[in-house]
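# An overview of the molecular structure
Listed below, chain by chain, are the residues.
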Amino acid sequence: MVAVDRGSLARSLAKAVVDLCDLKVASAIKGVIDATGAFKHDKPGEPTAEEGARLLLQRAAYAAAVRVIQAQARKAPVLAAEADPREIEAALTGVATAAELELTAAAFADPESWPAFTALLDLFDRLTKAGGVDEQTRPLLRRAFADALPLALAGEWTDRERAGDYRALKAELERRTPFDDAAQRALDWRTYRDRLIRAVDAPLRTLAPELIRCSLTDLYVPLRAMVGDPDGPEARGRRGGDGAKRRILWLDEALYGWATRPNPAPTDAFRVLSGEPGAGKSSACAMLAARLAGEGRRVLLVPLARLSIVGDSRIELTRHLTAELGHDALEHARRHDGEPLVLILDGLDELAKAGQGATALLGGFVGQLSGEIGTINRDGVRIRLLLAGRPGAATATDAIVRGDARLHVLRYTIPRDDYSRFDDKSLAGLDQRKDWWRHFDPVNGMPVSLERNDPHIDSLTEQPLLNWLLAQILSLESPKKATTLGGVHDLYSRLFGHVLRRAHRRTDGDGSSEAIDAAGRDRLERMLEEVAVAAWHAGGDRAVPLPAVEKRLQEAGLGGELERVSKDRDHALTALLDSFFCRAHQGTDHRVVEFTHKSFGQFLIARRIVREVEGIHRRLEGGGDADDALGCLSRWLKLCGPTSMDHAVFDFLRQEVFAAWNAERDVAAWRLTLAPLFTTCMTEGMPLPASETRARAVERQTRNAEVSLLAILSAITAATPADLPRVTLPRAGLSATLHRLLGTAPEFSVPRRSLNALDLTGVNLRSANLAGANLKDANLKDANLTGADLTRADLMGVWLTGADLTRADLIGTNLTSATLWGANLTGADLTRTDLTHANLMGANLTQAKLIGANLAGANLIHANLMGAKLMGADMMDANPMGADMMNADLTRANLKNANLTHTNLIGVNLTGANLAHANLVGADLTRANLAGANLVGAIGKFPRSQP
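In this report, we go over the structure that sits alongside the text. Everything numeric in this text was worked out from a predicted model, so none of it was measured.

## Concerning the overall build of the protein chain
Regarding its fold elements, the protein chain presents 34 helices and twelve strands. The proportion of buried residues among the 947 residues of the protein chain is 53%. Relative to all contacts within the protein chain whose residues are 6 or more apart in sequence, the contacts with residues 24 or more apart total 55%. In the structure as shown, the protein chain presents an accessible area of about 40,700 Å², 52% of it carried by carbon and sulfur atoms.

Okay, here's the thing in structure tokens:
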């Protein structure tokens, strides 16, 4: 039993209370220590292990209670003045006597899980209520007591004067049993589950913490997904009911149902979740993990950005799980039956180390892991695996996960024309944007300023991440100013501006500052850009080992800025990273810097590249010599050589250049400076990287730098007037140079999107793969594009006079306002191609496929369309005057208002065609089939059988 020296307790407590009322803190703490000594063992000899545990609990609880009363004396003056020692003594004795105590090291390592812990919190609540503490203050005191009790337990345990009281208990806790490992695993899981649950309830990072305090749980709106992979580029732009209906469903319930389904088949052990950046993939994974953890299930959430896969991916995964959970749960699952473990790997695209064999890396990682899990699941499913990433990375799972096991996250709103693509139109038709804003602001909901029909605003409210950032801008700026946002880049630029101004960290006029302010705005901007470049060079745009950040800052001449911020370099780095949606994860073996979203790093990379361009222009604008140019290329190689540019960085780069042009920076002059530099690079080559000794590594870095240089020229070309000269490369070897730049990369690669910067007159691109290429306003006069793949390329305004496009694939290509005068398009496939207002005068389109093509307003004077297939083509207001359309198929074509004067229409099939108000004067309609054609208002002489 635990006896209480009532006289000692009363004297000590009374002294502490008096000191607390007078706010004599040091004396009060001494009183608390004296009071804990009033609890004594009342039997001969030292206490047993159980008696020592109860004595420890009673003393620590009393110390913690009085310390909280002392700390909160101003908020609870009545409690501090009138606390009754007899009431506290009786209550503590009751709890200590009735408490269930597990005398194991695992249990004592987690006192918050003791039933007695909760009982003591409830007791303290009753004491504060009896002491007249108001309802608003009581939760604060309860939390303070919960924090103070473990500290009091630790302090009491280490008190040398009372070591004898705890000798037996200490011996018991240090005694190992056969069940200790199992108990530790159970404790590991309990702690890890709590962490998963707390993670979704923790406040999100915000630029306005004084105005906004939200958690993921507060803001999360259940997502929709479609079954299967997203449509490929070939399906984009199609509307209506083309193809089979896509299945649409509620994502969260689909994943939860899969993760909890009893007795799953081995073939149902995998799921793949894809989605665009910011669509909510990681949020959905976190919410699923928290939900499963709340039900006591075994679930692991692994952000792949935090893994350093330099060898065996399984070894690295084991390292991570051991560090995060406390043991290797996968190995334990291999040996034991029971409810399957759910393993969620989020961020497959983080493993796609650009320029370093992304496909092989991803395929190897997924293949090795899925093979091992398949082996574990051979006799029954023990592990369920969910893989999440962007669509490009998710394709690495094609070999193991197919069909209904693949899900793609949809945006908050789906275009109305796309509703019919899905099997549930009502679900597809939901607009979830207002749901998100009701979660953010339950009173006002979505701001009226965001409800107007504006494509820029609409694009910023279609995804969770962008809504969250937009909400912060609305909180930091006036609603009127916030509604002038021009798109995603503008949103990020404004956010970054607020970061640099530190407006969210200090009150106007109070002169306050934080550690990072010592770096200054320009230096802070540069430092954050270099952090992003370090992540880019490390193989992604999001995560990077901390030592690489330090090294990059040193190489950029910014290492001294860390000392300016703080003499403690780790503290300085933490202050830096905390300033723009960036954080550090500290571990014993692996210290990683991670942007909270990949796009933040990509935005900063684009800014850093433009900064380098401005630096090159300053050095060369006065006509620098060859050494100056070589130095610039060396710097460029060091910046852009280690990693190839992907589409996301390229998109931010284009927007950054447009922003520079709109800000009246000398963008046009950059073009004049970079053009000869690129020409030199193509003819003489890049300088050799100083750190590389392997030929393949040199080739890779050189091509990365060349492509990045072409990309910035493309961005500048798109932003500046079209009449400025394009980059002209020597014709000798030009074709080989282009083929090398284009490489064997997949469709829509950055080089293909950057060809608008070049003058391609007369170039030989026979059979070239130019799918998705950006050739807007390009000069391809007399070019040889025989058999070239130009599907879905942008050829708007392109100059193709005299070009040879025989048998070229132009499906879905944009040729709006293009000049194809005299071009040879014999046998070319122009299905669904947009030729609106294109000039095809004298062009040869013999046997060409123009099914569903848009030729509205096109100039087809004297064009050769013999045997062309124009079924369903739109030729409204087109001018094929004098054209040869003999035996062409114009079934259901729209020729309204078309000028068919003197056109050869012998044997043409015009079944169901619309010829309303068409001019057919002098047209030869011999053997033409006009069955069902609309000839209302048409002018001309028709066969007698026609109306």
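There's plenty left to go through after this.
## Topic: the pattern of salt bridges
All chains considered together, the criterion is met by 38 salt bridges. Close ionic contact of Arg-297 with Glu-295 constitutes a salt bridge, the shortest N to O distance being 2.8 Å. Measuring nitrogen to oxygen at the nearest pair gives 2.7 Å for the salt bridge that ties Glu-530 to Arg-552. One end of the pair, Glu-530, is in helix 24 (residues 521-537); the other, Arg-552, is in helix 25 (residues 546-555), and 22 residues separate them in sequence. Residues Glu-530 and Arg-552 agree in their burial class; the two are buried. Each of Glu-530, Arg-552, Arg-608, Glu-612, Arg-619 and Arg-635 takes part in a single network of salt bridges with overlapping partners.

## Section: the sheet that holds strand 5 (residues 270-274)
Taken in spatial order, the seven strands of this open sheet run 4-3-9-5-8-7-6, and their pairing is mixed. Each edge of the open sheet is held by one strand with a lone partner, namely strand 4 (248-250) and strand 6 (299-303). The sheet shows a mean angle of 25° between the axes of neighbouring strands, direction not considered. Relative to strand 9 (residues 406-409), strand 5 is paired through three bridges, and the arrangement is parallel. Along strand 9, the bridge assignment pairs Val-272 with Arg-406. Relative to the sheet, helix 10 (residues 180-201) contacts strand 6 and strand 7 (341-346), its axis offset from that of strand 6 by approximately 60°.

## Quick notes on the packing of aromatic side chains
Within this structure, the stated rule accounts for ten aromatic pairs. On the numbers, 6.1 Å between centres and 20° between planes, the contact of Trp-157 with Tyr-166 is stacked. Looking at Tyr-166, the relative accessible area reads 3%, which means it is buried. Between Trp-436 and Phe-440 the ring centres are 5.6 Å apart and the planes differ by 10°, which places this aromatic pair in the stacked class. Of this pair, Trp-436 and Phe-440 both sit in helix 19 (residues 433-440), four residues apart, roughly one helical turn. For Phe-440, a relative accessible area of 19% gives the class buried. The rings of Tyr-492, Phe-600, Phe-603 and Phe-652 are connected pair by pair, giving a single aromatic cluster. The lysine or arginine in question, Arg-291, covers the ring of Tyr-256, its NZ or CZ lying 3.6 Å from the ring centre.

## Section: the side chain of Asn-704
Inspection of the secondary structure puts Asn-704 in helix 32 (residues 695-719). Apart from residues lying up to four places away in sequence, Asn-704 is in contact with Cys-640, Gly-641, Pro-642, Thr-643 and Ser-644.

## Some words on the pairing of strand 7
Judged by how many residues are buried, strand 7 sits mostly within the fold: six of six residues are covered. Every second residue of strand 7 is oriented toward a common face, with Leu-341, Leu-343 and Leu-345 on one face and Val-342, Ile-344 and Asp-346 on the other, all of them buried. With five bridges connecting them, strand 6 and strand 7 associate as parallel partners. Residue Val-299 lies in a different strand from strand 7, and its bridge partner there is Val-342. Across six bridges, strand 7 lies against strand 8 (residues 383-389) in parallel orientation. Among the inter-strand pairings, Leu-341 is bridged to a residue of strand 8, identified as Ile-383.

## Looking at the environment of Ala-863
Residue position: Ala-863 is located in the segment after helix 34 (750-753). For Ala-863, a relative accessible area of 0% gives the class buried. Distance in space between the C-alpha atoms of Ala-863 and Thr-846 is 9.1 Å, their sequence separation being 17 residues. The contacts of Ala-863, once residues within four sequence positions are left out, are Leu-840, Gly-842, Ala-843, Ala-883 and Asp-884.

Conventions and cut-offs
Residues numbered from 1 in each chain as written. Predicted model: local features only at pLDDT ≥ 70, side-chain atom pairs only at ≥ 80, totals over all residues. Heavy atoms only, no water. Helix = DSSP H or I, 4+ residues; strand = E, 2+ residues; numbered from the N terminus. Buried < 20%, exposed > 50% of the residue type's maximum accessible area, 1.4 Å probe, protein only. Contact = heavy atoms within 4.5 Å. Areas by Shrake-Rupley, 256 points an atom, 1.4 Å probe, with all protein chains shown as cover. Salt bridge = Lys/Arg side-chain N within 4 Å of Asp/Glu carboxyl O. Pairing = 2+ DSSP bridges. Axes fitted to C-alpha atoms, helices over the stretch in contact; angles between N-to-C directions. Phe/Tyr/Trp six-rings, centres within 6.5 Å; stacked < 30°, edge-to-face > 60°. Lys NZ or Arg CZ within 6 Å of the ring centre and 35° of its normal.

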